[in-house]
Amino acid sequence: MYSKLWDILKNIVKARHGPDVKIVRYHYMEELWKLLTKDNVNLVILKAPTGIGKTEAVLTPYMAQFFNVIDYKWTSLIHVLPTRSLVNYMYDRISNQVRGLSIWDKIVVTIDYGDPTIFKPYLEGDIIVTTYDTLIYTMYGFRSWGRHYRLPLGKISTSLIVLDEVQLLQDISWYSPRALARHISFLLDLGAQVIVMSATIPSIIVKEITDRVSRNITIETIESKDKAIRGNISIELTCDQGLYKVIEKHIDLSNNILIVTNTVHRAVEVYKKLKNAIKDREIILLHARLRRHVRAERENLIKSKNNIIVVATQVIEAGLDRSFDLLITEICPIDSLIQRIGRIARRPHTIGKAILVASGEEIESAETVYGPMFVTKSLDIIKRHMDLLHKAIIDVRASSQLVDEQYHPEIVNKILSLQKNMTATLIESIDSLANRILNNIFMSPKDLETMYWKVVNNLVRLGMEIKAVYPTGKLAEIINETIKRGEYKLDLDKDLMWNIVENTVSLSLKSLNKIPQPILFTHNGNQYMISLDTDHEKKMLVLQSLNVSKSIRKWILRTNKFYLLNPKFYEFINGYDLGIVKIRWDYASA
C-alpha cells in the first residue's frame, strides 16, 4: 500500500513543481498515513516544520480512495485555514495538483469563505478549502435560518477535516484556543476524522484539545523528526536602534527584502518613507485591510518579481511561497517570529539574514497587539536561546521547545485570570450550543436562533469581523438614494457579485459596543450604516440603511451581513491603495 501512496504523492508534488522535482521521502508521512487509514484513530495532531509537504501528506490518502489504493473512507476533505488569503493560496495549490492527476475529472475542488453568492453554499465539493469562521458558523447552522441548515452536518460527519495553521488563531486573551478545543470536540462527536497541524503549535493548546474531547476518542500525536531542507540563515537582535535606522543601514545590501511590522499603521508609514527615499526599486505594501483584489494582485507580484522590497504585517507569516534574502522585523511572540524567519532562504544553497528589532518603539507597538507578558517573554527567550532559534526554522523539536516556553502555563494562567469573568460565560455558551445540537440534531431554527444571541460574535474569537465593501460602479451611485429610501434592491448577477467579492475589506473589531467610522455615512446631520444581503429566491442584492442614533447592537449581531465601506476612510497615495490605515471609533451603540 505504501509504495502506491508514494506514487500518488510523487504525482501530486510533480503537478506543482514540475516533472524534474526531487521527491523527499519524509519519515513522518508514512506514520501519518498509517494512523489515518486506521478505523479507530479520530484525531491526529501533526507537528512538522514549514516546507516539508504537510499539505501533500494529508492530500495523498484522500486521493488514494479514487485510485482504489485504500477503502473509501471519507466523502470529502475539508481543508481549513485562518485567513481568506491562505484559503485562496491553498485552493489554487490543490486545484493545480488535482489537475495533474489522471482522475482530475472525478474530483471537484471548491472554495467557500462566506461571501455573498447567488446560491446558498453548503460546503459542497469533494475537496473544500475554507476558513475557520466559515466552517464553524456553517456547522452550527448560523449561515442560514432556512430548513436546510442541518445539511452541512451530514457532510462534515463523514469528512477528513484538516485544521491548518492553528497557531494563527492565538490571541491576547487566549480565548480562541479554548474555543477551538470545543469546536474540535464537536467535530469528533459528529463522527469526523480531524487533523490538527502546525509548525509552531504550543503544547498547552494540544492539552486544551485533548482534555476537552470525549474519553472514547482516540488521539495520536506526531512530532516529526524530519528537518526542512533549506538555505543558511543568520539571526541578529538589535535593541538600541529603531526600525527606520535598521532599514536605512541594510536597505542596499540585499536583493529581495521583507520588512514586517505589527500594525497596519506602522506598515503604511514605513512604505511611505521608503517610497519617498527609493526610486529605482519596486516597493510593495501588503496587509489585511486592503481590497481583496488588490491584495491578491500584490501577492502575485511578490511571488513573481525580483529585487523588491515588501512591507507587510502578520499576513506574510504563512502561505506565501516566496523566499527573501533579508528580513527586518519588529519584535513579536516567538511562534510568529519563527514563521517570519521562515520567509527567508527557503531554498537549498541560499543565504538569508534576519534582523529582529526590539527598541522601545517596536516593543510598545508589539505590546498593543500581543500584550506585554508575551512580548517580554519573547525578548527574554531570544536573548537566552539564539542558538535554538536558528534550529527552530528547520526542526520542529527546537521550535516546540521555544514555543512551549513562550506559552508556559504560568503565563497563560495569568492571562486567563485577567479574562476569566469576561470569557467564562462565552465558553460555557459554546459548550451549551454544541450539546444542544448533538442531543437534538433536529432542533428548530427558532430554538437555534435563540442560542445564536449568546455566542454569535465569539464562536472563533473575541469580538467580530465585519466585511466592508468598497463601493464602485452602481453601488457607489446609489448610496444617497439607499439612505433616503431605507432599502434598495439590485439584480444579483455574476458581475455584481464579483464586484462585491473583489472589493471587500475585512475589519476585525474587538469592541461590540462601538461602530467603526469606516462603515458610517453622514446624511443631513445623521449617521447611517448600509448593509448588504442576498435574497436567494429572487436573486436580488438588498441594501438597507439604518440610522445609528437608534439602538443598533442587536441589529448588527442579528444580520451578520456585509456593509458598505465609506470610501473616504480607504486611503490612496498617487493611485496606490494604502487601504484602511487606522480604524477610528466615534459612536458607542446603545
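Each remark here, short or long, concerns the structure printed above.
No experiment lies behind these values; they were computed from the predicted model shown.

> Is there a simple way to explain the environment of Ser224 in this structure?
Along the chain, Ser224 falls in the loop between strand 7 (219-223) and strand 8 (232-238). In the structure, Ser224 is positioned 196 residues away from Tyr28 in sequence and 5.6 Å away in space, judged by C-alpha atoms. At 3.0 Å, the side chain of Ser224 and the backbone nitrogen of Asp226 are in polar contact.

> What am I meant to see in the sheet that holds strand 13 (residues 351-357) here?
Pairing between the strands of a sheet comes from backbone hydrogen bonds, and it takes one of two forms, parallel or antiparallel. Taken in spatial order, the 6 strands of this open sheet run 8-13-12-9-11-10, and their pairing is parallel. The sheet terminates laterally at strand 8 and strand 10 (282-286), the two strands that pair on one side only. Within this sheet the neighbouring strands show an average axis-to-axis angle of 15°, counted without direction. As judged from the 5 bridges shared by strand 12 (residues 326-330) and strand 13, these two strands associate in the parallel manner. If you follow Leu326 over to strand 13, its bridge partner there is Lys353. Strand contacts of helix 9 (residues 243-250): strand 8, strand 9 (257-260), strand 12 and strand 13, with the helix running at about 170° to strand 12, the strand carrying the most contacts. Lying on the sheet, helix 11 (residues 292-304) is in contact with strand 10 and strand 11 (308-312); it crosses strand 10 at an angle near 135°.

> What is the right way to read the packing of helix 13 (residues 360-370) against helix 14 (residues 372-384) from this model?
Helix-helix packing is described using two parameters, namely the angle between the two axes and the distance between the axes. The N-to-C vectors of helix 13 and helix 14 enclose an angle of 130°; their axes lie 7 Å apart at closest approach. Relative to helix 14, helix 13 is oriented oblique. Between helix 13 and helix 14, the residues in contact are Ile363, Ala366, Glu367 and Tyr370 and Pro372, Phe374, Val375, Thr376 and Leu379, respectively. Classifying every residue of the contact of helix 13 with helix 14 by side-chain character gives 7 nonpolar, 1 polar and 1 charged.

> Whenever I open this one, the packing of aromatic side chains confuses me. Can you help?
By convention here, two paired aromatic rings are described through the distance between centres and the angle between planes. Scanning the entire structure with this criterion turns up 11 aromatic pairs. On the basis of an interplanar angle of 70° and a centroid distance of 4.9 Å, the ring pair of Trp6 and Trp33 is categorised as edge-to-face. On the criterion of sequence distance, the pair formed by Trp6 in helix 1 (residues 2-17) and Trp33 in helix 2 (residues 27-36) is long-range, its members being 27 residues apart. Of the two residues, Trp6 and Trp33, neither departs from the other in class, the shared state being buried. These aromatic residues form a ring-pair network of at least three members: Trp174, Phe374 and Tyr407. Seen from the ring of Tyr576, Arg298 lies directly overhead, with NZ or CZ sitting 3.8 Å from the centre.

> So what exactly am I meant to see when it comes to the packing of helix 1 against helix 4 (residues 84-99) here?
The interhelical angle for the contact between helix 1 and helix 4, taken along N-to-C directions, is 115°, at an axis separation of 8 Å. Seen along the crossing, helix 1 lies across helix 4 with a hand that is right-handed. Touching Ile12, Ala15 and Arg16 of helix 1 are Tyr89, Arg93, Asn96 and Gln97, all from helix 4.

> Help me out: how do you make sense of the side chain of Asp226 in this one?
Locating Asp226 in the fold gives a position in the loop between strand 7 and strand 8. A polar side-chain atom of Asp226 sits 3.0 Å from the main-chain amide nitrogen of Tyr28. Setting aside residues up to four positions removed in sequence, Asp226 forms contacts with Tyr26, His27, Tyr28, Pro49, Ile52 and Ile394.

> Quick question: what am I supposed to make of the nonpolar core here?
The nonpolar side chains of soluble globular proteins are, as a tendency, buried together. Leu135, Tyr140, Ile161, Leu163 and Ile341 are the most contacted members of the largest nonpolar core, which totals 91 residues. If near-sequence neighbours (up to four positions away) are discounted, Leu163 is found in contact with Val80, Tyr132, Leu135, Ile184, Val194, Ile195, Val196 and Met197. Core analysis: the next-biggest nonpolar cluster, separate from the first, contains 49 residues, Tyr26, Val98, Val109 and Ala318 among them.

> Quick question: what am I supposed to make of the pattern of salt bridges here?
Where side chains of opposite charge bring their charged atoms close, a pairing between them can arise. With the rule as written, the count across this model stands at 19 salt bridges. We note a salt bridge from Arg16 to Glu56, for which the minimum N-O separation is 3.6 Å. Of this pair, Arg16 sits in helix 1 while Glu56 sits in helix 3 (residues 54-64), and the two are 40 residues apart along the sequence. We classify Glu56 as buried; its relative accessible area is 4%. Each of Arg182, Glu208, Arg212 and Asp431 takes part in a single network of salt bridges with overlapping partners.

> Any chance you could explain the environment of Ser365 here in plain terms?
Its location among the elements puts Ser365 in helix 13. Taking the relative accessible area as the measure of exposure, Ser365 reaches 10% and is therefore buried. Distance in space between the C-alpha atoms of Ser365 and Thr263 is 7.4 Å, their sequence separation being 102 residues. Contacts of Ser365, omitting those with residues within four sequence positions, involve Asn262, Thr263, Arg266 and Glu330.

> What am I meant to see in unusual backbone geometry here?
Note on backbone geometry: most residues besides glycine have negative phi, and most peptide bonds are trans. In the Ramachandran plot, Glu165 falls in the positive-phi region, its phi being about 50° despite a non-glycine side chain. Relative to the helices and strands, Glu165 resides in the loop between strand 5 (159-164) and helix 7 (175-190). For Glu165, a relative accessible area of 16% translates into the label buried. Its identity as a non-glycine residue notwithstanding, Asn524 has a phi of 55°, on the positive side. With respect to the helices, strands and loops of the structure, Asn524 is situated in the loop between strand 18 (521-523) and strand 19 (526-535). Judged by relative accessible area, which is 69%, Asn524 ranks as exposed.

> Whenever I open this one, helix 1 confuses me. Can you help?
Along an α-helix, a turn takes 3.6 residues, which lines up residues three or four apart on a common side. Taking 1.5 Å per residue, 16 residues should reach 22 Å; helix 1 reaches 22 Å between its end C-alpha atoms and fits that length. Residues of helix 1 that are buried: Leu5, Trp6, Ile8, Leu9, Ile12 and Val13. Along the long axis of helix 1, the arc covered by the buried residues comes to 160°, so they all point the same way. One or two steps after helix 1, the chain reaches Gly18, where phi turns positive at roughly 100°.

Calculation notes
Residues numbered from 1 in each chain as written. Predicted model: local features only at pLDDT ≥ 70, side-chain atom pairs only at ≥ 80, totals over all residues. Heavy atoms only, no water. Helix = DSSP H or I, 4+ residues; strand = E, 2+ residues; numbered from the N terminus. Polar contact = N/O pair within 3.5 Å; in protein donor to acceptor, adjacent residues only side chain to side chain. Pairing = 2+ DSSP bridges. Axes fitted to C-alpha atoms, helices over the stretch in contact; angles between N-to-C directions. Contact = heavy atoms within 4.5 Å. Parallel < 35°, antiparallel > 145°, perpendicular 65-115°, else oblique. Nonpolar A, V, L, I, M, F, W, Y, C, P; charged D, E, K, R; others polar. Phe/Tyr/Trp six-rings, centres within 6.5 Å; stacked < 30°, edge-to-face > 60°. Buried < 20%, exposed > 50% of the residue type's maximum accessible area, 1.4 Å probe, protein only. Lys NZ or Arg CZ within 6 Å of the ring centre and 35° of its normal. Left-handed = near helix turned anticlockwise from the far one by under 90°. Core = buried A, V, L, I, M, F, W, Y, C linked by side-chain atoms within 4.5 Å. Salt bridge = Lys/Arg side-chain N within 4 Å of Asp/Glu carboxyl O. Expected span 1.5 Å × (residues − 1). Arc of directions from axis to C-beta.

Geometry only, nothing functional implied.
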